[in-house]
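Here are the chains, one letter per residue:
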Amino acid sequence: MTQPEEELPPPFEIVEPAAWRAPIIFNSPHSGSVYPDEFLKISRIDLIALRRSEDSFMDELIAGLSGLGFPTVSVNFPRSYVDVNREPYELDPRMFSGRLPSFANTRSMRVAGGLGTIPRVVGDGQEIYGERIAVDDALARIETLYKPYHRALRRLINKAHRSFGTVIVVDCHSMPSVGVSREEPRRPDVVIGDRYGTSCAPILADKVEETMTRLGYSVGRNKPYAGGFITEHYGNPASGLHTIQLELNRAVYMDERRRTRGDRFAQVATDFTVLAEVLASIPLDDLEPFQTAAE
């Protein structure tokens, strides 16, 4: 298979301002829409179906924030090819020809649902592949796309942490307006995910909810999305490392069927700048590492 780095330059983009307004990073890991030709050839479903997993246009909604002093990160390859919001080796052995490494996590709930690091299905449950793919291909995707992205994100987080003593990662996603299950209640406009209060200081989730409600959005917390690997892995409030996931209802800013920007697109982008400024106004003392009792 064609090496991904040859076909997808660059696999991700970081836009860092000359001067940081605050230690806040806006990240869009699922908005990638550049599909390798070889991937399309081996997929049993067409591009329209593959794109149902995308957080379409989320990278565009946050793009203007870098000009206001907030670094942005966006991934260009699609999550149906490699999902960076997973552990590095959440892999389903039924998908591959060849033996997976012994350290692969083959039993996670995400793997069981078909949504591992190399997904088996797209968002609406359709199988991506008609036959098994080579283990070496999967591992190459992880080495050339997944790992460089996380190294770069970690460097950016560490830079902010060293400079400010704390850092906030706002992990930006979008969700279908309705769930797969008919029993699921109507989804709000925004769902805040903080891993049930463990990935960031409470003031952050409170400020996000307060701000988005004031701007006219209905807001929920942690259901149906509490935050994925990025939120869990990089969030360590006791060390001054805060991550919070935002899931934006696609019906708010786009036409889901046609996959086009909606009438409110520009307003939603403006609302993200309002939210960024509110988060930047939080005193750093409220976000710095906690002192433990042993100290």
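The paragraphs below set out a description of the structure included in this document. Not measured: the values here are computed from a predicted model. (Residues numbered from 1 in each chain as written. Predicted model: local features only at pLDDT ≥ 70, side-chain atom pairs only at ≥ 80, totals over all residues. Heavy atoms only, no water.)

Attention now goes to the overall build of the protein chain. The helix and strand inventory of the protein chain stands at 10 helices and 11 strands. Compactness check: the protein chain gives a C-alpha radius of gyration of 19 Å against a globular reference of 19 Å for 295 residues, within 12% of the reference. Summarising its shape, the C-alpha atoms of the protein chain cover approximately 55 × 45 × 40 Å along the three principal directions. Relative to its 295 residues, the protein chain shows a buried fraction of 53%. Here the protein chain has roughly 13,500 Å² of accessible surface; of this, 50% comes from carbon and sulfur atoms. Taken together, the 34 basic and 41 acidic charged side chains of the protein chain have centroids lying 3 Å from each other. (Helix = DSSP H or I, 4+ residues; strand = E, 2+ residues; numbered from the N terminus. Rg over C-alpha atoms; globule rule 2.2 N^0.38 Å. Buried < 20%, exposed > 50% of the residue type's maximum accessible area, 1.4 Å probe, protein only. Areas by Shrake-Rupley, 256 points an atom, 1.4 Å probe, with all protein chains shown as cover. Lys, Arg positive; Asp, Glu negative; His and termini not counted. Charge placed at Lys NZ, Arg CZ, Asp CG, Glu CD.)

Okay, the environment of Ala 201 next. Secondary-structure assignment places Ala 201 in the loop between strand 7 (190-193) and helix 7 (202-214). Sequence separation between Ala 201 and Asp 37 is 164 residues; the distance between their C-alpha atoms is 43 Å.

Our next topic: the sheet that holds strand 3 (residues 72-75). Taken together, the seven strands give an open sheet; going across it, the order is 1-3-2-6-9-7-8, and neighbouring strands pair in mixed fashion. The two strands at the open ends of the sheet, each matched to only one other strand, are strand 1 (12-15) and strand 8 (219-221). Ignoring strand direction, the axes of neighbouring strands in this sheet form an average angle of 20°. With four bridges joining them, strand 7 and strand 9 (residues 241-249) adopt antiparallel strand pairing. Among the inter-strand pairings, Gly 193 is bridged to a residue of strand 9, identified as Gln 245. (Pairing = 2+ DSSP bridges. Axes fitted to C-alpha atoms, helices over the stretch in contact; angles between N-to-C directions.)

With that settled, the discussion passes to the pairing of strand 6 (residues 167-175). With nine of its nine residues buried, strand 6 lies for the most part within the structure. Burial along strand 6 is two-sided: Val 167, Val 169, Asp 171, His 173 and Met 175 facing one way and Ile 168, Val 170, Cys 172 and Ser 174 facing the other are all buried. Direction of pairing for strand 2 (residues 24-28) relative to strand 6: parallel, over a ladder of four bridges. In the strand pairing of strand 6, Phe 26 is matched with Val 170.

Let us look at the pattern of salt bridges. Applying the stated criterion across every chain, the model contains 18 salt bridges. For the salt bridge of Arg 79 with Asp 83, the shortest nitrogen-to-oxygen distance reads 3.4 Å. Classification of Arg 79 as buried rests on a relative accessible area of 17%. In this structure, Arg 94 engages Asp 92 in a salt bridge whose closest nitrogen and oxygen atoms are separated by 2.8 Å. Overlapping salt bridges bring together Asp 92, Arg 94, Arg 120 and Glu 127 as one network. (Salt bridge = Lys/Arg side-chain N within 4 Å of Asp/Glu carboxyl O.)

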